[in-house]
Amino acid sequence: MPATRPVLICRPGERSRALAGAIEALGLPVANLDVMTLEPVPETPALRSAWLDFDHFHKVVVVSPFAADCLYEALDRYWPALPLGTAWYAVGAATAATLHDRLGVRVHVPPARAGEDTSEALLQLASLRDLEGQRILLVAGEGGRTLLADTLAARGGRVARLSLYRRRLHPPPPAMQARLARGDYRALVISSGELLEHLARWCNETTLNQPLIVSSRRLATLANDLGFCTPVVASGATPAALAAAVAEACDSEDADVDHDDLDDLEKG
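Residues numbered from 1 in each chain as written. Predicted model: local features only at pLDDT ≥ 70, side-chain atom pairs only at ≥ 80, totals over all residues. Heavy atoms only, no water.

**Regarding the sheet that holds strand β10 (residues 187–190)**
Working step 1: Spatial strand order, β2-β1-β10-β11-β12: five strands in an open sheet with parallel pairing. The sheet is open, and its two borders are formed by β2 (30–32) and β12 (231–233), each paired with just one other strand. When the angles between neighbouring strand axes are averaged without regard to direction, this sheet yields 25°.
Working step 2: Here three bridges tie strand β1 (residues 7–9) to β10, and the two strands are oriented parallel to one another. Within β10, the residue paired with Val7 across the bridge is Ala187. (Pairing = 2+ DSSP bridges. Helix = DSSP H or I, 4+ residues; strand = E, 2+ residues; numbered from the N terminus. Axes fitted to C-alpha atoms, helices over the stretch in contact; angles between N-to-C directions.)

**Brief notes about helix α2 (residues 45–52)**
Working step 1: Restricting attention to buried positions, one finds in α2 the residues Leu47, Ala50 and Trp51. Looking down the long axis of α2, one finds its buried residues gathered within 100° of arc, a one-sided arrangement. For α2, exposure combined with an orientation more than 90 degrees from the buried face picks out Pro45 and Ala46. (Buried < 20%, exposed > 50% of the residue type's maximum accessible area, 1.4 Å probe, protein only. Arc of directions from axis to C-beta.)

**As for the layout of surface pockets**
Over the atoms rolls a probe the size of a water molecule, and its path tells where empty space is left.
Working step 1: Its boundaries defined by the atoms lining it, the largest pocket holds a volume of some 1000 Å³.
Working step 2: Lining the largest pocket are 47 residues, and of these Val63, Ser64, Arg167, Ser191 and Ser192 lie nearest its centre.
Working step 3: Among the elements that take part in the lining of the largest pocket, helix α8 (residues 193–200) stands out by supplying four residues, more than any other. (1 Å grid on protein atoms, 1.4 Å probe; cavity = no way out; pocket = protein on both sides within 12 Å on 5 of 7 lines; lining within 4 Å. Points joined across faces, edges and corners; volume = space filled by probe spheres on them.)

**Here we look at the packing of helix α3 (residues 65–78) against helix α4 (residues 93–103)**
Between two packed helices, both the angle of their axes relative to each other and the distance between the axes serve to describe the pair.
Working step 1: Running from amino to carboxyl end, α3 crosses α4 at an angle of 20°, the nearest separation of the two axes being 8 Å. Taken together, the axis directions place α3 and α4 in an arrangement best described as roughly parallel. The way α3 lies across α4 gives a crossing that is right-handed. Seen from α3, the contacting residues are Pro65, Ala68, Asp69, Leu71, Tyr72, Glu73 and Leu75; seen from α4, they are Ala94, Thr95, Thr98, Leu99, Arg102 and Leu103.
Working step 2: Taken together, the residues that form the contact of α3 with α4 break down as eight nonpolar, two polar and three charged. (Parallel < 35°, antiparallel > 145°, perpendicular 65-115°, else oblique. Left-handed = near helix turned anticlockwise from the far one by under 90°. Contact = heavy atoms within 4.5 Å. Nonpolar A, V, L, I, M, F, W, Y, C, P; charged D, E, K, R; others polar.)

**Quick word on the sheet that holds strand β7 (residues 135–140)**
Working step 1: Pairing in this open sheet of five strands is parallel, and the strands run β6-β5-β4-β7-β8 from one edge to the other. Only two strands of the sheet have a single neighbouring strand rather than two, namely β6 (107–108) and β8 (158–163).
Working step 2: α3 rests against β4 (59–62), β5 (87–90) and β7 of the sheet, and its axis sits at about 135° to β4.

**What to know about the packing of α8 against helix α10 (residues 217–226)**
Working step 1: Running from N to C, α8 and α10 point in directions that differ by 15°, and their axes come no closer than 10 Å. Relative to α10, the element α8 is oriented roughly parallel. When the axes of α8 and α10 are compared, the crossing they make is right-handed. Packed against α8, whose contacting residues are Gly193, Leu196, Glu197 and Ala200, the element α10 presents Leu219, Leu222, Ala223 and Leu226 at the interface.
Working step 2: Partitioning the contact of α8 with α10 into residue classes produces six nonpolar, one polar and one charged.

Pasting the structure below:
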């Protein structure tokens, strides 16, 4: 297939630009599948009450960059100066960077030894092990996993989970559905289990044998369960980490193309 085949991404919103830029810097074209949009939810009395009581929380845990953006918009209305003494946590480096840029706060992230930016990794932090009597604000979107809330509560925390946005899933455009079916792309990059399961319905045997880049071992397990043959696990969900994994996968793919005899042996 021609070298101009794109790398497919499906990251929603502004974050897609940074990921596309990091991959394009490798000299590879990028196409966005455009299958998810993010929408802030209208403010409710419960949300307003949480913002007014924001200084009562000991810890704030934020799960995504868009959640961090929504949190900033709310706090900017109610707290011109942030209360002191709050400990801030983010599931990944991109979320931490958004919080730091927007709010100027220091943010705890998953320990480097964990090797990935996930909820499981964040929960390894010593400061999140004993939470007896502490009030914790968990800032996320609607739906999603309950691991963080359940674990923090099991460790003694009084957890308030605020859903600040909703995800809207869409089918890929017809041209992208056809590209997926033909395997007419260099790699597919996914950093969300919800998106992986959503896109699986348009994947066939050809698609399942194409390079798939995921951002965690948990997603690699899910990919294997869905039938993807060789998911490549990036070191995180940042554009740099995902682009590095794309480079690795594409180099490997090019090597296979250049050595048909090895490829035939593998098929046998």
